[in-house]
Amino acid sequence: MDIDRPRSLDETLAAAGEYPDATLLAGGTDVMVEVNFRTRQVRRVISLRGVADLSEWNGTRIGAGVTYRRMELGPIPALAQLARTVGSPQIRSVGTLGGNLGTASPAGDTHPFLAACDASIEVRSRDGGTRILSWSEFLTGPKLNALKPGEVITAVVLPEHLPARQEFGKVGVRSAMVISTVSACVMRDEEGRTTVALGAVGPTVLRAARAEEMMSAESHPSAEALAEFSRLVSDEVRPITDHRSTEAYRRHASGVLARRLLERCLAA
Amino acid sequence: MSVAPPDATTAPGRVGSSTLRPDGVPKTKGAFAYASDLQDERMLWGATVRAPLARARITRLDIAPALAIVGVHAVLTAEDVPGLNAMGQIVQDRPVLAENEVTYWGQPIAVVAAEDRETARRAADAVIVEYGELEPITDLVEGHERGLVFREHKARRGDPEAHGEVAVEGYYEVGTQDQAPLGTEAGIAFPDTEGGVDVYAVSQWIHVDHEQIVDCLGLRPEQVRVHPAGMGGAFGSREDLSLQVHLCMLALHTGRPVRMVYDRQESFASHVHRHAARMWYRHEADRDGRLVRVEARVLLDAGAYTETSPAVLNNAVYFAVGPYQCPNVFAEGYAVQTNNPPSGAMRGFGAVQSCFAYEAQMDRLAVELDMDPVELRLLNALETGDRLATTGQLIEEPLPTRAVIEAVRSLPVDADRPGNDPLGLPGGTGLTTPPNSVVRGVGFAVGIKNLAFSEGFDDYADARVVLTAAGVEVHTAAIEVGQGMVTILQQIARTVLGVDQVAVIFDDTSLIGSAGSTSASRQTQMAGGAVYRAAARVREEALRRADGDDLTGAGVWRDGTVVATLEELCGSDPIEHEVRYRHIETAEPDEDGQGSPHVDFSVAAHRAIVDVDPELGLVKLVRIDSAQDVGRALNPQSIIGQIEGGTMQGVGLAVMEELVLDRGRVLNANFTDYLLPTFLDAPPVQSVIVEEPGSWGPFGAKGFSELPTISSTPAVVAAIRAATGKALTRVPVRPEHIVGIE
Ligand SMILES: Cc1cc2nc3c(=O)[nH]c(=O)nc-3n(C[C@H](O)[C@H](O)[C@H](O)COP(=O)(O)OP(=O)(O)OC[C@H]3O[C@@H](n4cnc5c(N)ncnc54)[C@H](O)[C@@H]3O)c2cc1C
């Protein structure tokens, strides 16, 4: 097996252009599980760990190589909250934002945050230059994304102004280190514009548009408005029953969680 | 009786002190050799071809493509099993390699040996197997109705016409729990030059493995030597053979050492699990709360082969009423054959399933009687001098049931509201639950189980103790699974002999007789009992040889002075005694299940306090306290470890641990989705050690290590019921059950 260890972004793009079938390896916390379960055949690896450019974080531009540990200690509240829920300390110290997008699991815990704030994904390649995709263009299905062969995720770009009121929550069967049964992120800006994104309840992360619209029109939401918001969220999610949970529970929990996060935003 | 504080210590290294385990530091440093670390320069790697379906005919099996791969040395199938193609401790009915049909998911069909692990796995993938799928039987009731029953057991005691004034009925279910030992199945086999073989592999009882391996290989007993190997946990999962015969076959076939290490999915697929159960109960009591009559019907899912199911089933019935007196009992149980993953031994061994049901029943009865549930238990508590409700056996040994209940009841309860730390709330790191969305509940449960082997089984343990100038050697085939066998045997030998230098040597099957299984909470009493007695004989002989009155590491003493050093005493002629220790005889019960099948019992009680978020169905254990009957605490720290670990295994069953099955296939055979409690799910545990010395264990010690697993599950569920008012008749309790939506 060949391993490339590029030292710069250019070297990375060159290697990825040369070997479009190579496995990009960031923290390896998804790749190595697949290798061990023998669901991924790796012939060539391009290791991203030595690429400092990818680990840069400048305000609203977060490098693909930024780890959960850094997000946990960083200045963005909901991002810090979600980072804390991921895996164990070992996983958080190596697992990256780019890897979570690369894997594109419907339960990827960064996704509700990225969707709630309408983040964009920056991808680059040697031959195709730079593409900026919205989160919804990037995440195309369960474990599917819009990356083309030879492309590397370089960064996530957040809007210049993030609402100060932002909350993340995740329902799972144990208190830590658990895959989301439902995850959610709610943001509400000064004008009351509200966004709500939910993970693990559809083929990709999704936004509850009707709930958002209804809540954005409420300047001082009443208990009834909160209940209606909760009901709309439950209505809009598209969960399935699998070995982790049931459709009915996920639907119910989506509404409860979204309402509670909104309540936290309103109390902040 | 005394209730000892857990830190009670006596002389360092001796019985009663919390002696540190000699294998502790090497294990934490990664220096300890586990079975999965065993290797040899000349070895090949083995891999296994497994069935992807739970029930099918094998319509085609072609090994040629695997044999064609460079580096592959052997591909063996059922045809290559040299002896009996059947394994099993009780009934030999599980094929070493499947022949014509497969009857459970993951069943081995062929094994390969190759130069390296990757090649071995590729070769296993290259074996062509075609199947004609058959409809698997996965429903316990359906299996029972079709008469697919490995064993039935009935207990009929008292007057069939007797009835109480107050009655409660219930139906309960237990999902399939896995032992989930951290160490997966692993081992290595070495062919000798005369057609025999040495195998080192995970085991709980190497002599019973030896009998089966000899049969399967068609060799003479002396041609096979089974060695113990370092183990990362067992909990019953190593009572039945896994890869031993495969390793031996490959080693004998290739003439090279062969190593195998299962990955996590194979581990889940290859070992037996705790029996899933369905239970119907009716309890009747008089107006004062005294049990008058208990009826119980228990179905256990045994999976495709017998394994230890008959014994597990009998235990579920023996302990169907729990640690309570009741004069009229009508209980029956069935171990049902299905195509679900095979079931067998797991910590608690049948007593776990019934305890979940009878403790729920006791709580229902308390509600019906408008009585405090703890008082109801105290009123009915089974103690020395009483008769076990199901068998009528007189309890002759100490059984401090009331003491464990009182001890737990009197522990302090902390603040009755959660704090604001999100990590202490339901949902934990997920930040789902504000403190005002939480309701608190308290639950209580008591459990009972037998110690050592029952029903007339010739239960013995051999041990040899040798005194040399360098100190003491203890030879045993008792298995250290991580529970602290080595420490306890050292403590016992040191205390009897007065000599600090004690080496415990775990011999193979050719060097020493059986110690029986490391299971049934029996080894401290059994292997410990043998070492205790052998050491006592060594001491007697030492004193006799030098005409002394005491023995220490300095030598033999008379009237306060050393009269012979160890060198002088046994430098050229070691003192050696071997003992075969048996507990008193037990007997098979009669056809009504009546008699004295057990030698001894232990009891434990738990009190759980939980915070529940009823809207999301999430649970946070606030604390779970326990009191445990141990006879005499030989190593208090080790006891605390067993109580805390066992308690968490019961907590796991209460709220998360379950194999999720679909047509007999396990959907979560990995630690991503088979959830075990993490540190954040593990609450503070206060353990009270109740000491009331027994008559036959060394220094009065009793086995107890299964007990903490038995009553913790019902205590947690009782607490969730108390918080939510939901019936919760199935474990693990899932969020959707608490919320009340499927
Ligand atoms: C024990 C454990 C617990 C976990 N818990 C959680 C959890 O709670 N929540 C959660 O969301 N996930 C969890 N995960 C999954 C995993 O940790 C995350 O998805 C993580 O973000 C992956 O990042 P990584 O850097 O390790 O990616 P890697 O494993 O290195 O890569 C993952 C995928 O992304 C691709 N990739 C990586 N970087 C780039 C890039 N810059 N450009 C293009 N493609 C790229 C890789 O080729 C690969 O396909 C857990 C995993 C484990 C093992």
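Owing to the predicted nature of the structure, the values given are computational and were not obtained by experimental measurement.

A closer look at the overall build of chain B
Phase 1 of the analysis: Counting secondary structure elements, chain B contains 17 helices and 30 strands.
Phase 2 of the analysis: Against the compact-globule benchmark of 27 Å for 742 residues, chain B has a radius of gyration of 26 Å, which places it among compact chains.
Phase 3 of the analysis: Its C-alpha atoms give chain B principal-axis dimensions of about 80 × 75 × 55 Å.
Phase 4 of the analysis: Taking all 742 residues of chain B together, 61% fall into the buried category.

Section: the domain arrangement of chain A
Residue and element names in this part refer to chain A.
Phase 1 of the analysis: Examined at the domain level, chain A breaks down into domain 1 (2-104 + 120-157) and domain 2 (165-267).
Phase 2 of the analysis: Placing the centre of domain 1 and that of domain 2 at their C-alpha centroids yields a distance of 27 Å.
Phase 3 of the analysis: Domain 1 puts ten residues into the contact, and the matching count from domain 2 is nine residues.
Phase 4 of the analysis: Elements that contribute at least two residues to the side of domain 1 that touches domain 2 include exactly helix 4 (77-85) and strand 8 (139-141).
Phase 5 of the analysis: When residues in the side of domain 1 that touches domain 2 are grouped by element, the largest group, five residues, is from helix 4.
Phase 6 of the analysis: Residue composition of the side of domain 1 that touches domain 2, grouped by class: five nonpolar, five polar and no charged.

Looking at the packing of helix 9 (residues 351-369) of chain B against helix 16 (residues 707-724) of chain B
All names here are of chain B.
Phase 1 of the analysis: In contact at an axis separation of 8 Å, helix 9 and helix 16 are set at 40° when each is read in the N-to-C sense. The two elements helix 9 and helix 16 cross, and the hand of that crossing is right-handed. Packed against helix 9, whose contacting residues are Ala351, Val352, Cys355, Phe356, Glu359, Ala360 and Asp363, the element helix 16 presents Thr709, Ile710, Ser711, Thr713, Pro714 and Ala718 at the interface.
Phase 2 of the analysis: In terms of residue class, the contact of helix 9 with helix 16 is built from eight nonpolar, three polar and two charged.

Brief notes about the sheet that holds strand 10 (residues 186-191) of chain B
All names here are of chain B.
Phase 1 of the analysis: Ordered in space as 4-6-2-13-10-11-12, the seven strands form an open sheet in which the pairing is mixed. Single-partner strands in this sheet number two, and they are strand 4 (72-76) and strand 12 (224-227). Between one strand axis and the next, the sheet turns through 20° on average, direction left out of account.
Phase 2 of the analysis: As paired elements, strand 10 and strand 13 (residues 258-261) share four bridges and run antiparallel to each other.

Observations regarding unusual backbone geometry
All names here are of chain B.
Phase 1 of the analysis: The peptide bond linking Val731 to Pro732 adopts the cis configuration, its omega dihedral lying at -10°.
Phase 2 of the analysis: On the secondary structure map, Pro732 appears in the loop between strand 30 (730-731) and helix 17 (735-739).
Phase 3 of the analysis: The phi dihedral of Phe235 is positive, around 55°, even though this residue is not glycine.
Phase 4 of the analysis: With respect to the secondary-structure elements, Phe235 resides in the loop between strand 12 and helix 6 (244-254).

A short note on the interface of chain B and chain A
Phase 1 of the analysis: Counting from both sides, the interface comprises 27 residues of chain B and, opposite them, 26 residues of chain A.
Phase 2 of the analysis: A total of three residues in the side of chain B that touches chain A trace back to one element, the largest contributor, which is helix 17 of chain B.
Phase 3 of the analysis: Taken together, the residues that form the side of chain B that touches chain A break down as twelve nonpolar, eight polar and seven charged.

Concerning helix 3 (residues 117-126) of chain B
Phase 1 of the analysis: Those residues of helix 3 of chain B lying buried are Thr119, Ala120, Ala123 and Ala124 of chain B. Viewed along the axis of helix 3 of chain B, the buried residues span an arc of 140°, placing them on a single side of the element.

Section: the site of the ligand
Phase 1 of the analysis: Close to the ligand lie 30 residues; Ala26, Gly27, Gly87, Gly99 and Gly102 of chain A are nearest.
Phase 2 of the analysis: Among the elements of the structure, strand 2 (23-25), helix 2 (31-36), helix 5 (89-94), helix 6 (97-103) and strand 10 (152-157) of chain A are those that each provide at least two residues to the shell around the ligand.

Here we look at the packing of helix 5 (residues 206-217) of chain B against helix 6 of chain B
All names here are of chain B.
Phase 1 of the analysis: Following both chains from N to C, one finds helix 5 and helix 6 inclined at 45°, their axes separated by 10 Å at the closest point. Taken together, helix 5 and helix 6 sit at an angle that is classed as oblique. Here helix 5 and helix 6 pass one another in a crossing that is right-handed. Side by side, helix 5 and helix 6 meet where Asp209, Ile213, Cys216 and Leu217 of the first sit next to Gln244, Val245 and Cys248 of the second.
Phase 2 of the analysis: Considering only residue class, the contact of helix 5 with helix 6 consists of five nonpolar, one polar and one charged.

Quick notes on the sheet that holds strand 19 (residues 471-476) of chain B
Consider a sheet: its strands pair through backbone hydrogen bonds, and that pairing is either parallel or antiparallel.
Residue and element names in this part refer to chain B.
Phase 1 of the analysis: What the four strands build is an open sheet, ordered 20-19-18-24; its pairing is mixed. Since the sheet does not close on itself, it has two edges, and those belong to strand 20 (502-506) and strand 24 (575-582), each with one partner. Direction aside, neighbouring strands of the sheet carry axes that sit 20° apart on average.
Phase 2 of the analysis: Seen against the sheet, helix 12 (residues 485-497) touches strand 18 (460-468), strand 19 and strand 20 and runs at an angle of roughly 135° to strand 20.

Criteria and cut-off values
Residues numbered from 1 in each chain as written. Chains lettered and ligands numbered in written order. Predicted model: local features only at pLDDT ≥ 70, side-chain atom pairs only at ≥ 80, totals over all residues. Helix = DSSP H or I, 4+ residues; strand = E, 2+ residues; numbered from the N terminus. Rg over C-alpha atoms; globule rule 2.2 N^0.38 Å. Buried ≥ 20, exposed ≤ 12 C-beta atoms within 10 Å, placed from the backbone. Domains from an automatic or database assignment. Contact = placed C-beta atoms within 7 Å. Nonpolar A, V, L, I, M, F, W, Y, C, P; charged D, E, K, R; others polar. Axes fitted to C-alpha atoms, helices over the stretch in contact; angles between N-to-C directions. Left-handed = near helix turned anticlockwise from the far one by under 90°. Pairing = 2+ DSSP bridges. Arc of directions from axis to C-beta. Near = placed C-beta within 6 Å. Parallel < 35°, antiparallel > 145°, perpendicular 65-115°, else oblique.

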